[in-house]
Structures are given as C-alpha cells and as structure tokens.
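The chain contents come next:
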Amino acid sequence: MGGRAGRGRRRARLLAGLRWGAVALLLSLLALDWLFPPPLPTARDTSAVVVARDGTPLRAFADAEGVWRHPVEPETVSPLYLEALLTYEDRWFHRHPGVNPVALTRAGWQWLRAGRIVSGGSTLTMQVARILEPHSRTPWGKARQMLRALQLEAHLSKREILTLYLERAPFGGTIEGVEAASWAYLGKPASRLSRAEAALLAVLPQAPSRLRPDRHPERARIARDKLLERMVSQGAWSRAEVDDARIEPVVSRSLRQPMHAALLAQRLRSAEPGAERIRSTIDAGLQRMLEERVASYFARLPERTSAALLVVDNATMEARAYIGAAEFGDRARLGHVDMVRAWRSPGSTLKPFLYGMALDDGLIHSASLLVDAPQSFDGYRPGNFGMAFHGPVSAEQALRLSLNVPAVDLLDRVGPGRFAARLEHAGIRLRFPRGARPGLPLILGGTGATLEDLVGAHAALVRGGRAGRVRLTADAPLLERRMMSAGAAWIVAEALAANPRPGERVETFDLRDRPRVAWKTGTSYGFRDAWALGATRRHTVGVWVGRPDGTPLPGQYGAITALPLLFEVIDSLPRAAGDGVPLPPPSGVERREVCWPLGTEARSQSDALCQRRLQAWVLDGVVPPTFAERGARLWSAGRVRFQVDARSGARLSAACTQGREVREVEIARWPALLSPWLPLAQRSASRLPPLAPGCADDGRQALDGLRIEGVQDGARLARPPASTRGVRLSLRAPGAAGEVQWLLDGRWLARTEGGRPFVHEFKEPGEYALTALADSGAWDSVRFRVVR
C-alpha cells in the first residue's frame, strides 16, 4: 500500500511538473514571440498599379525601394500555377505547422549520402520566412528560419502565407511576385497562364538570376521541363498535357514593366496615392495601337513637337485612349507635361457651340445669309485664316470654312459674356488673363481651355446636345450638362459632317460603311496650337499638336497637322453595323426653302424678291430674316419700298409725284458690304434706280462716290526694262470718309484712311482684281494684268 501511494505521489508531482513546465514553455514562447515578433509587413507595400478596363496593367509604380510588386490574391492566379507551385515546392503545405520534419529528414539523409543538396527540405512557409527576413546559410540560420516559420503559422492563415509568397517571391532583378513576373516576362496576367508558363514561373524563384528567361532562356527551359516531369510523376498532370506543354518555347522576352497611358496613370495615382490597384476606363489594345500610331506620325514633324490625344465613348463618356504627350519622358518634347490637361488657346474650336446657341436663340437657321467681308466691331477688325474673304456665305458654310468675321458678328449679337457663361455651365472651363472679361476675341481663341473639356463638350453634338465630363475611372460619376438643344446639336453636327475630308472627293470612295464625322479644326494665334475634334455615333476624338512651351510652329495648323491624325485615329476605332448611317433629325428640325438676300421662307415672298433659293434646316419652325446691317448709313435693311415713274422707271421722291403715273416697287436689298462679290444682275436687282429729273434728293442714294485711283480698269502693266523689281503702284480711294479696306483677289491687302495713298509692289505676272471697300458699303473694283 505504501509503495503504491508513493508511486502515485511521484506521478502527481511529475504531471504537475509537466503542466507547469508546459505553462513555462508556453509563456517563454509567448515572451520570445513578443520580444522577437515575426517581421510581417506593417502595411501591404505592393507597387501601385493602374490597369485598363479589362485589368491589363497600364503602368506600375515601384515601391520605395524600387521593387516592382503587384498586388495579387490566390483567387486571381491561375489554378495551374498553384498546382505547379505546391507540387514542386510544398505538397503538404495545407497540413504541416510551418515545418515538415519528414521533408527535413529526407533532405538531410540525401545530403549525407550524396555529399551535396539533392532536394530541399524547406516548406513554403519557411521560404516566406526567408523572404521576409533573409538569413545566412548556416545551421543557426536554418534553425532561425524554422522558428520564424512556426511564428508565421501561429500568426497567419494558410491563405495569408500563400498570398505573401505570391506577392514577394523573387523573380530576378527588381521583379517580385508572380503577377509582376507574369507581365514582365510573359506580357499577360497570372490568371491566364498555360501549363508551360505556370511551370516556368514556379521554378524561377529557386534561382532567379541563373534562370531568368530574358537572359538564359535555355536554362529556364531545362528547369521548366524538369518540373513538368515531376507533375507527371506526382500524378498532378497527365503525360499528354505535359508533352503539349514541353512543345511551348521559352520566349526570350526583354524584361520591362508596362508603360502605357503613362501620364494618365500618373494622374490617377496622384488622385489616389494610397490605392494599390486603380482601374481606369482605358481600352488596353486601342491604347497600345494609338501610341504606336502617334509615335510614327510625329517622327516626321518638327523637333520638339508634342501631341495629346483623347478618345471617348459617347454612351458612357469613358475615356478609351489617353495620350498626354507624343513620347513620354522625352526631354526635348517635354514629354512629362500632360497636354490633355494643359491650358491652351482653343483657336476656332468653340465656333460650333456659338452656332448652336444662335440656333436655339432663333437668330439663324442653317442657310442664314452672313457677311464675310472686312468689318469693324468697335475698332476690332478680325481677319480670316489666310486673309481671304468670301462675301455672302450661309451659316453652315461659314461654320464649315471656320470663317472668323461671321463668327465674331454672331458672337457680338449673342453676347460674349453670355456665351462664356454657357460654355462654363456645360463644362468648358475658360481661363482669361487676370482682370480680363470675355470679349469678341473669345470665339477666335482669346481664352484658355483644355483638350479634355473640349472633347467632353464636342461630344454634345452627337449626344442630343448634352456635354459630359470625361470619365477616367469606372466609378467616376457621369456628369452631364446641356450645351444646346438636341435640334441645334443635330443641325451643327450635320453641317460639320457634310464637310468632306481634305483631298478626298465624295464620289471617289464608297463611304457607306465609314462613320460620318462631325469635325472641326482650330489654330491659335501665332501657330502655337493645332487642334482637331471629331465626333461619330460611337466616339468623340480630340487631337492637339504643338510645343508645350508655347513656341510657335510656323506653317503647322489644325487642318494639316492635327486633322490627318484625327482621321487616322477615327478610322482605327472599332466599328459596328449602322455606324455610317446618318442620325435622323430630332423632333423640331425640318427642311425649308429660303431665299437670299432676305433669308426668310421662299413661299412668303415674291419671285422678284427671291434672288437665290437655298435649302435650310430650321429649328422649331423659326425662319429668322437676314441680320440688319451694323452701322450702315445708306439705306435700311431688308425690303425697300419706293415709288417710280411708270413710264421712265425713275425713282420719285415724296414731293414730285404730282402729275405723274406712279407705280409702287419693292426690292430685296443685299447687305452693302457684299456688293463686290455679287454678280452684276443681283447688284442691279438690289439697286435703287436714279431719281427722276426735278425730284428732290430723298437721302436714299445707294453709294458714295468712292473710286480707285492709281490703276485703270483693264490696264496692262509691265516692269521697267532690266529691272528686278515688280510693278509698284501708288493706290488711293478718294470719295470715301473713314477707313477703306483693300482686297486683292479677295484677300485682305491693306487699310487706309479716307483718300490717303499706299504703295504696293506686284512681283508676279498675272491677272489681278483689286477692290476698295468702305465701312458704309461703298466700293470700287478694277481688274488689270501684270506682264513680264
């Protein structure tokens, strides 16, 4: 009895000692874990990645140490890669506590027998421990690695440990993690790996420098094939699957990180500095293709020339392509400056919005008669690009040709402040010099705007008049504002789309399947900015070309520099059935026949008043008349009624009708400034007949007595013998007060005051037409020939 009692007491003391020993050991382990915590990342320090709408990386930003590490989860990696990884590295990963004693014993025994390492005993958890805390290849280093592995298993789940490996495994150079490696070496996401690619990436971390496929493709292939054979021997993959995988070559692809839409990526990262993965709205394939096209296009343009390009989906206002510079990082081209957001003079690109506003205000219809002739607007005298004038033009013709004088005239009637407010409301932010207010130069580019805002506004022409803010990320809200009515937008778009592409004849090509483009160009003062904007049913495209530092580019303007690239881009965009079919006119838009010079409906006036018939698009049934002349001194605008002697046709004033057979006459008057461009028959039909003899002056004479002196009509002029100079003429226009504008073959030549002379040298032989035009509408014209 005593012996049994003694044994019981000893067993109780032993059990108590074991319990307290276990408690002490546990407390020691907890103390050690507290004193020497595992080196877990305090935050998820992966590189920031900006991706396209389909997840394709556009640009990755290295972490603070210059390492490329993309965020990844086990669910976003190909199952084939996980199979290859776990079969090759750690088949018992989901069962062991961080250390696999069987694998360690086997590896040690093989090392003792062969005198070298035959197989490793490290588990995936131990490899993560070594990645987080590198150690020496000594027994103490190995022991420390095992202890850290046990710590990791105590602190993290298996999924978290696997995620650390997937994100941090070394793949050569500064590439870490399977996602970064997959894009760098294979150009594809880790979710779309083939068996051969999965095997290749599974073996790389074992010797990343020695097996880098961009430097040693044959070594990499041999290591990959060994892993493939192991997959067969372990029963993970079939022989047929592995044989197919072995056929796949290891492509010697240069190691590089994606660098597409670089300035957009930089912009989005700056907006979300803490985000690991930013999904943009960019179409990756389209972006790459357009970057190559822009680079090729600008290889033939002057040095230091840059460009910006923006492609927007009209349905969602999402950007599909975004190029902020011709070549990102090019110092000569200032490739670090994002010209999509840069403030630049918009040139004539605002004109479509002015014409749309005038349509909504009931000021014009598409065929309204406008005056393209030298005019003064309280001292402001705009000229056309190229200094040529066209005389009488319709509103749609003035818009298509981007004529400056009609646009300034229209803005003067709409009001610069009101127009600027409409643009701001619709999303075009304007930048004026400090203290300046909107004025008439606004419509010719006398302000600052951005390509991004212009594209969002130009889309209104094919979106029922609704402008929108360009969306760069899918979660950005769709913000829309009314720029103009749906009817006005359709009329403006129709006018622009009717403009043929430069150098292209409509009857030469089959255009049924090609999208119709409502396009507009613009050039800023001094050739600093060249613009082209175009809208189709599905997309709106904007192009800017110039030098970011504002240096002029003489001879480079919208139509020859930016427009060809615009059409190249539009022709490259995805198409669908019906893209070439014109949009039907919306409610409220109808076709009417109108007459010039009055501008009203043909059916509302007699044939005598209708000198030219045109088809016009009108909005809400409103057919406004031709504008009254500004500052005309000679006679009233529009219809003019007067009395004539029935026998002689001479005009009668009020005091000389007695004793005569009187007849009432009505004529339609053209604006006086258009007289030099009118055929003789139309000038005669709009001219008041002379007063009958004996009738007092009624103050309605048609013209001042302006005449050209210095050259006679029909003259033939030759340069002096043996002279290298041209024919020099001293010209003057007596008979007119105020300023006189001189035109040579329709192009502005000079400005004089009253009858003061000026001298011009005619260097080239040929026939010339010289016109002098006063502000009152008085004018004279002569034709002469210069011979050799």
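Along each chain, residue indices are assigned from 1 in the same order as the chain's sequence is written. Two thresholds apply to this predicted model, a pLDDT of at least 70 for residue-level local features and 80 or more for giving and counting side-chain atom pairs, whereas whole-chain, interface and lining totals are computed over all residues. To obtain the side-chain values, all non-hydrogen atoms of the structure were included, while hydrogens and water were left out.

The method works on a 1 Å grid over the protein atoms by themselves. A cavity is a set of points holding a 1.4 Å probe that cannot get out, a pocket is an open set with protein on both sides within 12 Å along at least five of seven lines, and residues with an atom within 4 Å of a point line them. Grid points are joined across faces, edges and corners, and a volume is the space filled by probe spheres set on the points. Taken as a whole and assessed by the stated rule, the structure comprises 5 cavities of 30 Å³ or more. By volume, the largest cavity amounts to about 130 Å³. Taken together, 13 residues form the lining of the largest cavity, with Val371, Asp409, Arg413, Ala628 and Glu629 sitting closest to its centre. Listing elements by their share of the lining of the largest cavity, those giving two or more residues are β8 (369–372) and α15 (404–414). Counting from the N terminus, the helices are DSSP H or I runs at least four residues long and the strands are E runs at least two residues long.

In this fold, Asp409 is placed in helix α15. Two residues form a contact once any of their heavy atoms are found within 4.5 Å. For Asp409, the contacting residues outside a window of four places in its chain are Phe377, Phe627 and Arg630.

Turning our eyes to something else, we now look at the pairing of strand β17 (residues 639–645). Two elements, β17 and strand β19 (residues 662–668), share 7 bridges in a ladder whose sense is antiparallel. When the bridges of β19 are listed, Gln643 appears paired with Glu664. One bridge is not enough; two strands pair if DSSP finds at least two bridges between them. Connecting the antiparallel pair β17 and strand β18 (residues 651–652) is a turn made up of 5 residues, with Gly649 showing a positive phi of about 80°.

At a minimum axis distance of 9 Å, the contact between helix α9 (residues 217–233) and helix α10 (residues 239–247) shows a crossing angle of 170°. As far as their axial angle goes, α10 and α9 are roughly antiparallel. Contacts between α9 and α10 involve Arg224, Asp225, Leu228, Glu229 and Val232 from the former and Arg239, Val242, Ala245 and Arg246 from the latter. Three categories are distinguished: nonpolar for Ala, Val, Leu, Ile, Met, Phe, Trp, Tyr, Cys and Pro, charged for Asp, Glu, Lys and Arg, and polar for the others, with Gly belonging to the last. Counted by class, the contact of α9 with α10 contains 4 nonpolar, no polar and 5 charged residues. For every element, the axis is a line fit to its C-alpha atoms; helices are fit only across the contacting stretch, and the angle between N-to-C directions ranges from 0 to 180 degrees. Note that the term roughly parallel is reserved for angles under 35 degrees, roughly antiparallel for angles over 145, roughly perpendicular for angles of 65 to 115, and oblique for everything else.

Turning to the pairing of strand β13 (residues 529–535), a few remarks are in order. The cut-offs for exposure are 20% and 50% of the maximum accessible area for each residue type, with area from a 1.4 Å probe on protein chains only; residues under the lower value are buried, those over the upper are exposed, and the others partly exposed. The buried fraction of β13 amounts to 7 of the 7 residues, a majority that puts the element mostly inside the structure. Going residue by residue along β13, you find Asp529, Trp531, Leu533 and Ala535 tucked away on one face and Ala530, Ala532 and Gly534 tucked away on the opposite face as well. As paired elements, strand β12 (residues 518–523) and β13 share 6 bridges and run antiparallel to each other. Bridging across to β13, Trp519 finds its partner in Gly534.

Counting 84 residues, the largest nonpolar core has Tyr355, Phe419, Ile428 and Met483 as its most contacted members. With 8 residues, helix α18 (residues 486–497) is the single largest residue contributor to this core. Not counting residues up to four positions away in its chain, the partners in contact with Tyr355 are Ile364, Leu370, Ala395, Ala398, Leu399, Pro406, Ala407, Leu410 and Val492. Side-chain atoms within 4.5 Å are what join buried Ala, Val, Leu, Ile, Met, Phe, Trp, Tyr and Cys residues into a set we call a nonpolar core. Leu166, Ala184, Ala196 and Leu227 belong to the second largest nonpolar core, which has 50 residues in total.

Strand order in this open sheet of 3 strands is β18-β17-β19, and the pairing throughout is antiparallel. Every interior strand has two partners, whereas the edge strands, β18 and β19, have only one. With 2 bridges joining them, β17 and β18 adopt antiparallel strand pairing. Opposite Val644, over in β18, you have Arg651 as the bridge partner.

Attention now goes to the side chain of Arg224. Tracing the backbone shows Arg224 in helix α9. Classification of Arg224 by relative accessible area gives buried; the value is 2%. In the analysis that follows, any N or O atom pair within 3.5 Å is treated as a polar contact, provided that within protein one partner can donate a hydrogen and the other can accept it, and provided that, for residues neighboring in sequence, both atoms belong to side chains. Within the local environment of Arg224, its side chain forms a polar contact with the backbone oxygen of Glu248, the two atoms lying 2.6 Å apart. Setting aside its immediate chain neighbours within four residues, Arg224 contacts Ala196, Ala199, Leu200, Val203, Ala245, Arg246, Glu248, Pro249 and Val250.

On to the sheet that holds strand β20 (residues 715–718), then. Across the sheet, 5 strands lie side by side as β20-β26-β25-β22-β23; this open sheet has mixed pairing. Only two strands of the sheet have a single neighbouring strand rather than two, namely β20 and β23 (747–753). Across this sheet, the average inter-strand angle for adjacent strands is 30°, counted without regard to direction. With 8 bridges connecting them, strand β25 (residues 766–774) and strand β26 (residues 779–787) associate as antiparallel partners. Across the sheet, the residue bridging to Leu770 is Val782, located in β26.

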